[in-house]
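Here are the chains, one letter per residue:
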Amino acid sequence: MSDKAPKGSSWYATATDVLSSAYDGIVPTLGYIKRSVEDVIQIPYSNVTEGHSNITSSYSSLESSTNYSNVTIAIGVVAASAVGAGIYSCAKMYRRRNKYRHYKTNQLAPGPTPLPIVGNVLQLRTHYYETLYRFVEQPASVFWVMSDPFIVVNEEAALRRVLGGANGLYTKPKYFGYRSRAVTKAVQSEKKQVALESIQYDPNGDVSRAALEGMIISSFGTIKGSMVDLLHMLDDASSHDITIRPNNDPDTVNPVRRSIVGLNLNLLFGVKGERANEVDHRHVSETISSAGTEFARRMVNPFKVLIDIPSNLRFLFDVSSLISLGRRLCGILDDSVKCSMASEGHGGVRNASGCSWVHAWIGKVGTIGKLGKVVGLLMASTQTVPLAAVWMLHLVANDENIKAKLREELEDLGVHKIRDLRYEHLEKMEVAEAVIKETLRLYPPFPLIQRQAQLDDVLADITVTAGSIVYVVPWLVHRNPKYWSNAHEFRPERFLEESRSHGDAPSDWLYLPFGRGSRMCAGSKLALTELKILLCHAVCSYDWESRKEIILRDSKFPELGMDPKGIRMSFRRRN
Ligand code: HEM
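These figures come from a predicted structure and were not determined experimentally.

Asks: Explain the coordination of the iron atom of the ligand here, please?
Replies: For a metal with four tetrahedral donors the ideal donor-metal-donor angle is 109.5 degrees, whereas six octahedral donors ideally subtend 90 or 180 degrees. Here the protein supplies the iron atom of the ligand with just one donor, Cys521 (SG), and that contact is 2.3 Å long. Looking at where cysteine 521 falls in the secondary structure, it is placed in the loop between helix H19 (494–497) and helix H20 (524–541).

Structure, rendered in structure tokens:
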């Protein structure tokens with residue numbers, strides 16, 4: 001590979017490096033081995049042709065020792081070229097890593113010492129959150145995944161710069177995760193155009209957000225009904241068995257997930273009534289969950305893709321199921337447009353139904369773009385809310401004090417039963433909102449937010465080369481003791497006593513469960529509505545307890561994982 005490799009090129013490049021240098025060394029070696037082997041083979045032949053069939057034993061032993069030494073030399077040369085290739089690759093990688101230096105001191109950027117070739121892969125693979133947490137107070141850390149920098153920013157100014165976009169300097173990557181050389185080149189060739197172009201837009205001026213609110217208001221009854229059914233299902237399960245294990249599912253996420261998947265398919269894509277028969281909710285929820293979990297695991301642990309072959313196969317299968325589901329949903333959306341056009345006349349304005357929001361959000365894109373957006377929306381809307389719901393019920397379950405406060409608030413609003421709850425109450429439910437926000441602070445369901453640097457930049461005093469991906473880990477930002485008091489404690493009061501939007505942290509840029517900036521979550525309002533209704537119904541109608549049996553296996557810290565496995569809840573109806 002030439003020295004003019006693109007800046008910050010990928011691990012593919014590294015692999016190519018290793019292979020090409022190994023190849024460079026191996027080709028002459030193979031030639032040498034071939035010649036040596038030919039020598040060995042030729043000796044008896046030449047002996048025969050030259051009429052030396054009666055050779056003495058001493059001569060023959062001398063001859064065979066010469067042959068052995070040829071083979072030994074060949075093996076030696078192979079080993080030496082392999083070692084040479086390794087050293088060459090390490091040196092090249094070292095040079096690449098050296099670019100990521102502390103801007104002022106010219107020291108290597110903060111982060112654990114990377115191992116040759118593999119970088120921090122082993123630490124990140126086995127103790128992802130624990131490794132990141134060791135550097136929680138660093139403004140930015142650089143970990144290495146082979147020759148790819150894994151830049152994690154964790155300081156307010158840097159977060160503001162990256163998520164705020166810095167006038168187009170940081171954009172959402174067009175592809176997922178690790179990049180190919182071709183993509184890096186494309187980014188760099190476009191960089192001049194991107195340079196001063198502002199690509200930000202005002203989220204409040206975005207028509208799709210207003211349409212979402214319209215959809216929530218018109219579907220309020222449907223959301224309420226769904227939350228009633230969900231808690232009924234949990235209650236039912238606990239009346240048979242103290243733990244919630246319908247169908248022997250080992251965790252509580254499945255019933256919650258199934259209901260919320262069903263609800264959001266209905267709200268967003270209009271999958272209801274007869275249409276619901278076309279989509280098996282149970283199967284859909286399992287597929288989305290399995291693909292989503294694998295997706296998230298790959299985001300936090302890109303090396304899974306290299307090592308874990310069975311999970312790769314499963315992932316491919318799930319992704320192809322998701323694509324076919326996406327196609328079906330696109331068909332359902334297209335049919336809904338045809339129906340509304342037929343009923344309102346061509347060019348008619350669609351009313352504030354679920355589909356109108358989705359169409360507004362999808363905008364004008366081609367068939368593939370639409371499929372991508374539909375699958376993305378499906379994942380974004382169905383993977384996140386169930387996780388938040390389970391953590392929320394779990395955290396409130398054992399906190400009688402907060403339950404009492406929630407009940408008091410609802411009493412004050414005149415909400416005694418779920419049927420009393422109206423859309424207007426939601427804004428006034430400050431304690432409920434604080435509980436949800438604190439849940440999302442401790443256990444943000446979205447593991448990683450990515451942005452790509454379009455030009456070279458200096459971020460928290462670290463040089464970042466164009467094309468690099470910068471990562472924001474909401475969990476890490478939310479646990480930073482520099483910004484949050486008692487960061488590991490569940491204290492909803494911080495969103496009541498201090499600011500409602502960022503609690504006791506100094507700014508909005510430090511509270512990121514929905515991201516921030518122009519590409520912030522498009523459905524946060526719907527998520528908060530669903531969670532508030534669920535919480536309201538739970539405290540009005542149920543007493544419940546929760547215990548967590550299994551300490552999360554992925555990490556040494558029991559509190560670090562986001563997947564609420566091992567939670568057991570039991571519900572009792574209140575009179
Ligand atoms: C608790 C629940 C949720 C959480 C924690 C969450 C979190 C997030 C985060 C962190 C992002 C990425 C933002 C970024 O890259 O800066 C995102 C994007 C997105 N979310 Fe959510 N989300 C939730 C629920 C929903 C729901 C219910 C919907 C559907 C209505 C939704 C729709 C979207 C969409 C469409 C995007 C992509 C926005 C864009 O690329 O411009 N999300 N979400």
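Asks: Would you mind going over the nonpolar core with me for this structure?
Replies: The tendency in soluble globular proteins is for nonpolar side chains to be buried side by side. Core analysis: the biggest nonpolar cluster contains 112 residues, and Val153, Phe269, Leu329, Leu421, Val472 and Trp544 have the highest contact counts within it. Among the elements that make up this core, the one with the highest residue count is helix H14 (residues 367–397) (16 residues). Excluding anything up to four places from it in sequence, tryptophan 544 contacts Leu393, Val396, Ala397, Lys403, Ala538, Val539, Met569, Ser570 and Phe571.

Asks: Just to check I follow, could you spell out helix H17 (residues 430–442) for this structure?
Replies: Residues that lie three or four places apart on an α-helix share one face, since the helix turns once every 3.6 residues. The terminal C-alpha atoms of H17, which comprises 13 residues, lie 18 Å apart, in line with the 18 Å expected from a rise of 1.5 Å per residue. Looking only at H17, the buried set comprises Val431, Ala432, Glu433, Ala434, Val435, Ile436, Lys437, Glu438, Thr439, Leu440, Arg441 and Leu442. Buried positions along H17 lie against H14, helix H15 (400–412), helix H18 (474–478), H19 and H20.

Asks: Please clarify how the pairing of strand E7 (residues 469–472) should be interpreted in this entry.
Replies: Looking along a regular strand, one sees the side chains alternate between the two faces of the sheet. Residues Ile469 and Tyr471 point to one face of E7 and Val470 and Val472 to the other, with burial holding for every one of them. Pairing of strand E2 (residues 148–153) with E7 involves two bridges; the strand directions are parallel. Each residue of the ladder has a partner; that of valine 152, found in E7, is tyrosine 471. Alignment of strand E4 (residues 449–453) against E7, held across four bridges, turns out to be antiparallel. Bridged to arginine 451 within E7 is valine 470.

Asks: Help me out: how do you make sense of the site of the ligand in this one?
Replies: By nearness alone, 24 residues border the ligand, and Lys172, Trp361, Arg451, Arg519 and Cys521 come closest of all. With respect to the ligand, the side chain of lysine 172 contributes an N or O atom lying 3.0 Å from an oxygen atom. At 2.6 Å from an oxygen atom of the ligand is found a side-chain nitrogen or oxygen belonging to arginine 451. When contributions to the shell around the ligand are tallied by element, the ones reaching two or more residues are helix H13 (354–362), H14, E4 and H20.

Asks: Is there a simple way to explain the packing of aromatic side chains in this structure?
Replies: Pairs of aromatic rings are described using the distance from one ring centre to the other and the angle between the two planes. For the structure shown, the criterion picks out 13 aromatic pairs. Following the ring pairs from residue to residue traces out a cluster consisting of Phe135, Phe143, Phe150 and Tyr471. A cation over a ring is seen here: lysine 403 above tryptophan 544, with NZ or CZ 4.6 Å from the ring centre. One residue, arginine 479, lies across the ring of tyrosine 443, its end atom 5.7 Å from the ring centre.

Conventions adopted
- Residues numbered from 1 in each chain as written.
- Predicted model: local features only at pLDDT ≥ 70, side-chain atom pairs only at ≥ 80, totals over all residues.
- Heavy atoms only, no water.
- Donors = N, O, S within 2.8 Å, 3.2 Å for Na, K, Ca; no water.
- Helix = DSSP H or I, 4+ residues; strand = E, 2+ residues; numbered from the N terminus.
- Core = buried A, V, L, I, M, F, W, Y, C linked by side-chain atoms within 4.5 Å.
- Buried < 20%, exposed > 50% of the residue type's maximum accessible area, 1.4 Å probe, protein only.
- Contact = heavy atoms within 4.5 Å.
- Expected span 1.5 Å × (residues − 1).
- Pairing = 2+ DSSP bridges.
- Near = heavy atom within 4 Å.
- Polar contact = N/O pair within 3.5 Å; in protein donor to acceptor, adjacent residues only side chain to side chain.
- Phe/Tyr/Trp six-rings, centres within 6.5 Å; stacked < 30°, edge-to-face > 60°.
- Lys NZ or Arg CZ within 6 Å of the ring centre and 35° of its normal.

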